[in-house]
Amino acid sequence: MKPLSLGVFFLLVPALVPALDPLSASLLMGGAAITWQLFSPHSWLKCRLLECCNVKDTLNFSVVKMDLEQKVFGQHLAVQLVLRALNANIYSKRPKKPLVMSFHGWTGTGKTFLSSIIAENLYQPGAPRRSFVHHFNTLLHFPHASRVHLYKEHLQNWIRGNVSACPRSLFIFSEMDQMPHGLIDSITPFLGYHEEIDGVYYGKAIFIFLNNAGGDKITEIALDYWRRPKKREDIPGKELQQLLSEEIFRNTNSGFFQSQLIQRNLIDYFIPFLPLEYKHVKECVREELRAQGHPEDEDLITEIASAMTDYPSEEGIYSSKGCKTVASRRGRGAAMPGAAGLLLPLLLLLPGLAALEPLSVGLAIGVASALTGYLSHPNFYCNYVECCPRAGHRLNATALREQLDERLFGQHLAKEVVLRAVTGFSHNPSPKKPLTLSLHGWAGTGKNFLSQLLARHVHPAGLRSKFVHLFLATLHFPHPQQLQLYQEQLQSWIRGNVSACPHSVFIFDEMDKMHQGLIDAIKPFLDYYEQVDGVSYRKAIFIFLSNAGGDLINKAALDFWTSGKRREEIQLKDLEPVLSVGVFNNKNSGLWHSSLIDRNLIDYFVPFLPLEHKHVKMCVRAEMKARGHAVDEKVVEAVADEMTYFPKEAKIYSDKGCKTVQAKLDIHEDIAKSSASSVIFSAPALLSKEKTEVVPEGGFKRHRVHRTARLRCHLPEEYEDGFPLGAKCNNLLSAQN
């Protein structure tokens, strides 16, 4: 305490205490001590309960060293350089400049993970790290090149204000290779050798830049050492740092292109992250199994590591994804007030409580307590209002499997992959990223059905749930000239809804009609971040539906058929690599050159195979059962035969899948009913009437009018239930009737 404050304390307390009884005096003294601690800067109580800047440099260097050496695999250079940098900066009483490090390497090599270890050790879990650790993501915080001048001002103000509040602030900049040119130069003054700038000392701050730029150069050098052969541990760090600085300075995609930070030598360390080998990926898998409490299955570890070691394609030395998708690959194997909070208001509402005799008071308190306990039980509240699933909620995998087996036909790959991915994700108490699935295949193969079924198993209301959000490219993002507005609205919508419910589900349909670059706006939410601006997205689910890649899937299926192999022999490894590359290079995919693919943020590319004649018949039978009708095999055969098939010579696969089964079944049922009642309406007449949208008296049932109204509203048939525009279409239907 400062001497003046201490004097005031000792003058006031003795003057007040004699006038109080012993109990009141004790309470007064205790309250005064606690209040004093809370208002005193950097007091132990304030740091425990509220926020406290780590100005005393309590970093335990031996713990940091142990964390880095045990948890960061295959990065001896990065670990050595980071430890050297931290040691020099942390233990200097007054560093001459901030510590500035730039991490470079392929995705999944540990750049983000290592920076998070530094943050966790610099600010212990008892202190709210978000107040002193500032994470900037280019796609989220600096998305528009036209606003660079505005971003520069905001960035300078943010850094100045936060370093003023806490000298040992940590600033992490990710996606540096996508940062607009010149933006990062705005912080040059803060990184230089200045005693103070406008009264603020920046020497204790730490700045970390995360880059994929330079990754190819690092991999080239590592591969050269492997082929000589030499050990990767022999790669010289000093020479590699020099090569990196020159490479990214000339690289127009680095964010440091012609940057003053490099010209003025303000970046202390260019830290290379080497590509990971098979043995390193195995360590990642083993660590992930330990973290999730699973036994170390060596067969599973070997299988996953082998599948991920894919570069170069001929030799398969390194993992092109690093360890980034290990967690998802392993998957293949508003609160109610507390009782105390409700009890007090209930008691206060009882008039004349003080006038009651002890027995009545006891009964009143007992009844209030029982009622409060009943009302505060989550199940009571959630029986009447939809609630976000509580922590620990698990998806019923058995029920999901049964429904997939009963209603999704001919899609053994989609069933297997989605079931494993969703089950593993649901049972993981602390996933490292949101679950992201991209479903690909021709129309009518089951993509919409599976996404809706999955949504219903997470939120029973399905598409009607306020926690399930459906976006259609042609409806919600129709105008390419408004791309910037759509990006901002999409980010805002996702941020707001995940804040309200961490288990939110987002479905993006018609991805092949999505404007290029739009979907990259949500990249920060899909990455391996603990939080983004105070919000954790790790328990959300994102599903993309696309017809793009359907031709590649069909070709692979036809090749298997031509070679005499069963379609059930097709494995995910036969299609996923081809599909991801094909979609990435397809300008009509919505994911053309997308950072979601480039950064390996889509956990699974799920292929939907083309449906054969037997699968279409299964769809017809399932639809008849769903309508409560007996299955008539003649009708089943007739409907399946009316579908068109390809190739023209063999006619193996339905070119519309099962998409028009409902409509064709409607026609056959109407014909049967018309014949039975001797109504003179032929099938062609019915079709022509529906096309002109004329409803003859007594000619159609109500569901026929409803289907016509749906066409007028431009509602896809698969979204009839729970579609966002359902209210408008109901009005149209009422007007017609």
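Residues numbered from 1 in each chain as written. Predicted model: local features only at pLDDT ≥ 70, side-chain atom pairs only at ≥ 80, totals over all residues. Heavy atoms only, no water.

Across its full length, the chain carries 33 helices and twelve strands. In the form shown here, the chain has an accessible surface area of approximately 36300 Å², with 57% of it arising from carbon and sulfur atoms. (Helix = DSSP H or I, 4+ residues; strand = E, 2+ residues; numbered from the N terminus. Areas by Shrake-Rupley, 256 points an atom, 1.4 Å probe, with all protein chains shown as cover.)

Further remarks concern the nonpolar core. Considering soluble globular proteins, one finds that nonpolar side chains tend to be buried as a cluster. Of all hydrophobic cores here, the largest spans 76 residues; its most connected members are Ile494, Ile507, Phe508, Ile519, Ile522 and Phe544. Residue contributions to this core peak at eight residues, all from helix H20 (residues 412–427). Sequence-distant contacts of Ile507, that is, excluding residues within four places in its chain, are made with Ser451, Ala455, Leu463, Val468, His469, Leu470, Phe471, Ile543 and Leu545. Core analysis: the second largest hydrophobic core is formed by 44 residues, Phe173, Phe209, Tyr225 and Ile235 among them. (Core = buried A, V, L, I, M, F, W, Y, C linked by side-chain atoms within 4.5 Å. Buried < 20%, exposed > 50% of the residue type's maximum accessible area, 1.4 Å probe, protein only. Contact = heavy atoms within 4.5 Å.)

This paragraph deals with the packing of helix H19 (residues 397–407) against helix H21 (residues 447–458). One can describe the packing of H19 onto H21 by two numbers: an axis separation of 11 Å at closest approach and a directional angle of 155°. The orientation of H19 with respect to H21, classified from their angle, is roughly antiparallel. Relative to H21, H19 is oriented so that their crossing is right-handed. Between H19 and H21, the contacting residues are Ala399, Leu400, Gln403, Leu404 and Arg407 on the first element and Phe449, Leu450, Leu453 and His457 on the second. For the contact of H19 with H21, the residue count by class is six nonpolar, two polar and one charged. (Axes fitted to C-alpha atoms, helices over the stretch in contact; angles between N-to-C directions. Parallel < 35°, antiparallel > 145°, perpendicular 65-115°, else oblique. Left-handed = near helix turned anticlockwise from the far one by under 90°. Nonpolar A, V, L, I, M, F, W, Y, C, P; charged D, E, K, R; others polar.)

This part takes up helix H4 (residues 61–71). Buried within H4 are the following residues: Val64, Asp67 and Leu68. Down the axis of H4, the buried set is contained in an arc of 95°. They therefore lie on one face. Looking at the packing, one finds that the buried side of H4 touches helix H5 (76–90) and helix H6 (111–122). (Arc of directions from axis to C-beta.)

This brings us to the sheet that holds strand S6 (residues 435–440). Strand order in this open sheet of five strands is S7-S8-S9-S6-S10, and the pairing throughout is parallel. Two strands close off the open sheet at either side, each with one partner strand: strand S7 (468–472) and strand S10 (604–607). The mean angle between the axes of side-by-side strands here comes to 15°, regardless of whether they run parallel or antiparallel. Bridge count for S6 against S10 is four bridges, and the pairing is parallel. (Pairing = 2+ DSSP bridges.)

Under the definition given, this model contains 31 salt bridges. A salt bridge links Asp268 to Lys97; its shortest N-O distance comes to 3.1 Å. With Asp268 in the loop between helix H12 (260–263) and strand S5 (269–273) and Lys97 in the loop between H5 and strand S1 (99–105), the pair connects residues that are 171 residues apart, well separated along the chain. The class for Asp268 is partly exposed, based on a relative accessible area of 29%. On the accessibility criterion, Lys97 (7% relative accessible area) is buried. For Asp666, the salt bridge is made with Arg627, and the minimal N-O distance between the two is 2.8 Å. Placement of Asp666 in helix H30 (residues 661–676) and of Arg627 in the loop between helix H28 (613–626) and helix H29 (633–642) is noted, with a sequence separation of 39 residues between them. When its relative accessible area of 6% is taken as the criterion, Asp666 is described as buried. (Salt bridge = Lys/Arg side-chain N within 4 Å of Asp/Glu carboxyl O.)

Turning our attention to the side chain of Asp527. Here Asp527 lies in the loop between helix H24 (523–526) and strand S9 (541–546). The exposure class assigned to Asp527 is buried, which follows from its relative accessible area of 6%. A polar contact is formed between the side chain of Asp527 and the side chain of Lys523, at a distance of 2.5 Å. Sequence-distant contacts of Asp527, defined by excluding residues within four places in its chain, comprise Glu175, Lys324, Lys432, Lys433, Pro434 and Leu601. (Polar contact = N/O pair within 3.5 Å; in protein donor to acceptor, adjacent residues only side chain to side chain.)

The way to describe two aromatic rings as a pair is by their centre distance and the angle between their planes. Here the structure, examined in full by the defined rule, presents 18 aromatic pairs. Between Phe61 and Tyr91, the aromatic rings sit 6.4 Å apart at their centres with planes inclined by 70°, giving edge-to-face as the arrangement. Taken together, the residues Phe61 in helix H4 and Tyr91 in the loop between H5 and S1 connect sequence positions 30 residues apart. Of the residues examined, Tyr91 reaches a relative accessible area of 48% and is grouped as partly exposed. Centroid distance Phe209 to Phe256: 5.3 Å. Interplanar angle 80°. Geometry classified as edge-to-face. (Phe/Tyr/Trp six-rings, centres within 6.5 Å; stacked < 30°, edge-to-face > 60°.)

Applying the stated criterion across every chain yields a total of three disulfides. A sulfur-sulfur separation of 2.0 Å characterises the disulfide bridge that pairs Cys284 with Cys323. Judged by the sign of its S-S torsion, about 80°, the bond between Cys284 and Cys323 is right-handed. Of this pair, Cys284 sits in helix H13 (residues 278–291) while Cys323 sits in the loop between helix H14 (298–308) and helix H15 (326–330), and the two are 39 residues apart along the sequence. Accessibility assignment for this pair places Cys284 and Cys323 in one class, buried. There is a disulfide in this structure between Cys619 and Cys658, and the S-S distance comes to 2.0 Å. Here Cys619 and Cys658 share a disulfide; its torsion about the S-S bond, 80°, makes the bridge right-handed. Taken together, the residues span a long stretch of sequence, with Cys619 in helix H28 and Cys658 in the loop between strand S12 (653–654) and H30 at a distance of 39 residues. (Disulfide = S-S within 2.5 Å.)

Read from one edge of the open sheet, five strands run S2-S3-S4-S1-S5, paired in parallel fashion. Two strands bound the open sheet, and with one partner strand each, they are strand S2 (133–137) and S5. Along the sheet, successive strands turn relative to each other by an average axial angle of 15°, direction set aside. As defined by bridge partners, S2 adjoins strand S3 (residues 170–174) across five bridges and the pair is classed as parallel. By the bridge assignment, His134 is partnered in S3 with Phe171. Of the strands in this sheet, S2, S3 and strand S4 (206–211) touch helix H8 (residues 148–165), which is tilted by about 155° from S3.

Relative to the helices and strands, His668 resides in helix H30. Assessed through its relative accessible area of 19%, His668 is described here as buried. A distance of 2.8 Å separates polar atoms of two side chains, one belonging to His668 and the other to Glu642. Setting aside residues up to four positions removed in sequence, His668 forms contacts with Val635, Ala638, Val639 and Glu642.

Residue placement: Phe544 occurs in strand S9. Linking Phe544 and Asn448, residues 96 residues apart in sequence, is a C-alpha distance of 9.9 Å. Once you skip the residues sitting within four places of it in the chain, Phe544 turns out to touch Thr436, Leu437, Ser438, Leu439, Phe508, Met511, Ile519, Ile522, Leu526, Leu596 and Ile602.

Turning to unusual backbone geometry, a few remarks are in order. Here the bond from Arg228 into Pro229 is cis, since omega is 5°, no more than 30 degrees from zero. Assignment of secondary structure puts Pro229 in the loop between helix H10 (215–227) and helix H11 (237–250). Phi at Glu175 is positive, roughly 60°, even though this residue is not glycine. Among the structural elements, Glu175 can be located in the loop between S3 and helix H9 (188–191). Owing to a relative accessible area of 4%, Glu175 belongs among the buried residues under this scheme. With a phi angle near 60°, Asn600 is a residue other than glycine that sits in the positive phi range. Relative to the elements of secondary structure, Asn600 occurs in the loop between helix H27 (595–598) and S10.

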